[in-house]
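Report on the structure
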Amino acid sequence: LSQLAYFVLVGLGVGAVYALVAAGISIIFSSSQILNFAQGGFVMIGGLTAAILSQKTDSFLLGAIGAAIVGTLVAAAAGYLITAPLRKGESDRDLLVVGTIGIAIVLENCVAELWGRNPILVKALLQPWTGLRVADAIVPWHYFLMVGVTVVLFGGVALVYGRTDLGIRLRAIAEDIEAATAAGIDVFRTLIGAFALAGLLGGLAGALVGVVVPISYSVGLPLALSGFVAAVLGGLFRPIGALLGGLIYGVSETVAAGFLPGEVRFILGPMLIATVMAIRPEGLLGKRRLRRV
Amino acid sequence: MTWSLGATVKNEMTVVVAGSALFLASGPSDYLVYIAILMMAYGIAAIGMNMLLGFAGILSVGHAGFMAIGAYTWALSIPEIGAGGAFALVVLTSFVSGGLVGLLVLRFSSYYLAVVTLAFGLFIEGAIELFPDLTGGSGGIRNVGYFAIGGFSRHDSVFMVGLLLVLLALALQRGVRFSGVGISLLAIRGNPVAAESLGVPIKMLEIGTFTVSAVLAGIGGCLVAQIVSYVSPSQFGFSQSVLLLVIPLLGGRGYLAAPLIGVVIAVALPEYTRFLGNWRLAAYGAILVLIAVFAPNGAMQLLRGRRSLA
């Protein structure tokens, strides 16, 4: 049983990272209806920035700040590009999804050429190999830090959505993009805001995960796919749901890896998506939506 | 438009035949033939995607799963029942799995569909690893047999078989496009509600197109298995699903020549520019972004300067 506790604690830490990635995906999706496969790229570039900065300056905090800035800027630029057709009144979302895949490919390969392929760790804030003793194993303190920071960040997201001008505009667009336009909301600028917010969360997720997983150019896509599973679990229209979705996916993944044959975790994500889609397609925390015909 | 033999032989099929003849006349090396066959394999699968995405407007992010089904069916059955039987089995398994998956996933629409097809692709990739006794796990299966013709080598035999299959797939695409089915599909892509109110059996046509695209993907997969002579899960992952999606988009989805143009840009160019390292992939990504943002009808838009097909 204490072994189970160990896997659950580690899973919560992993799940916190998935939750941050998923939050970015659903912030962008709920406002623009674009599935953003470049989210993993934002995480990768944030994590790499954090790793380089923290190794140079010996400070995790500086690294994390750098990751947040770079993540936000890259995501805002990506958002500017991807939402350009919406500005002209075209609305073929399928094509724009492929566009985000293109951005992910560009980020990945530019990093591989300009920086190289060597994985690099982020310097930890806390002593790396100390932690809470559970059974015969140690859960590093960093896993608790990941969960704590993530919960605080989700509080921040809730504040942005509840209290700020950007949040109100985002909610209005998510509700009905045409009505929001008619009401005089600058949809284009708001969507870039959504991308920037997603990039901020993604960059910080990269800084956090980079302490335990070395960051290289290729970590983006697997992270995007995991975040995607988490976002679907929590509800793509509900950024706050991503927290629940991420934690569930993280815990079930580590527990499955701990107790079942290793290969089972390869089909865990698709199985979870299939289950949610069969029972509650709007996600665990999602609102039911009526389809307009 | 009424169907006529003359119109059918023209255009994209003539281009393929003429291109292949010129290619063979130049006395290509085995490596070049290998690339040509990869283009055929992805081209056949992409013809299915062009019908699915371009005619019916259905976005699938998991079709490499059907390529995997075709490739593994081929690799596992050819030692038992020979090439002819194995090919029939490839068509059968991809037809059945395509029909079943289509039945399940086409209950959803818009982004739900992207989500469930993505899950299907990831599931197949994971399921292969789940049964290592049968599939060899992540190590894959080596020494996969091929459709041997007379005394020809592997490369030459597979080239001839592939060429024949490409022509058949193109003929199918052309036949569907100018039949009542094709016009109904375009109506669905244009406006599903209006199409349904005019009596177009939407679900049936969508499931049918999905199944046909799955069969073509399965055939493409079995060609990949034959020329590489090796199958593994990483050959049929998310990146390949994206590639299948990208090929018709690059060419201009819905145009009959789109799979051919797309396969040249997305399969042949990256192979010929390997010396550029990762820059070539970065450029490939940039082209995707540019197409998505500025040229929704792909290369055909640039060639013809026309906005839309339907």
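This structure is a prediction, so every number in the text was calculated from the model and none was measured.

**Considering the overall build of chain A**
The helix and strand inventory of chain A stands at 12 helices and two strands. Secondary structure elements in chain A, listed N-terminal to C-terminal, are α-α-α-α-α-β-β-α-α-α-α-α-α-α. The globule rule puts the C-alpha radius of gyration for 293 residues at 19 Å, and the 19 Å found for chain A is close to it. Along the first, second and third principal axes, the C-alpha atoms of chain A reach 60 × 45 × 35 Å. Buried positions account for 54% of the 293 residues belonging to chain A. When the accessible surface of chain A is totalled, it reaches about 12300 Å², and 65% of it is carbon and sulfur. Taking the average location of the 19 positive side-chain charges in chain A and that of its 15 negative ones, the two points are 6 Å from each other.

**Things to note about the pairing of strand β2 (residues 137-140) of chain A**
Residue and element names in this part refer to chain A. Of the pairings in the sheet, the one linking strand β1 (residues 131-134) to β2 comprises four bridges and is antiparallel in character. Considered in β2, the bridge of Leu-132 is made with Val-139. A loop of two residues connects β1 with β2, the two strands running antiparallel in sequence, and Ala-135 in this loop sits at a positive phi of about 55 degrees.

**Describing the nonpolar core**
Grouped together as the largest cluster of nonpolar side chains are 199 residues, with contacts concentrated most on Leu35(A), Phe37(A), Leu236(A), Tyr42(B), Trp74(B) and Val231(B). The element contributing the most residues to this core is helix α3 (residues 30-55) of chain B, with 18 residues. Discounting chain neighbours no more than four positions away, the residues touching Leu236(A) are Ile25(A), Ser26(A), Phe29(A), Ser30(A), Leu35(A), Ala231(A), Glu282(A), Tyr111(B) and Val115(B).

Basis of the calculations
- Residues numbered from 1 in each chain as written.
- Chains lettered and ligands numbered in written order.
- Predicted model: local features only at pLDDT ≥ 70, side-chain atom pairs only at ≥ 80, totals over all residues.
- Heavy atoms only, no water.
- Helix = DSSP H or I, 4+ residues; strand = E, 2+ residues; numbered from the N terminus.
- Rg over C-alpha atoms; globule rule 2.2 N^0.38 Å.
- Buried < 20%, exposed > 50% of the residue type's maximum accessible area, 1.4 Å probe, protein only.
- Areas by Shrake-Rupley, 256 points an atom, 1.4 Å probe, with all protein chains shown as cover.
- Lys, Arg positive; Asp, Glu negative; His and termini not counted.
- Charge placed at Lys NZ, Arg CZ, Asp CG, Glu CD.
- Pairing = 2+ DSSP bridges.
- Core = buried A, V, L, I, M, F, W, Y, C linked by side-chain atoms within 4.5 Å.
- Contact = heavy atoms within 4.5 Å.

These results come straight from atomic positions and should not be treated as a statement about function.
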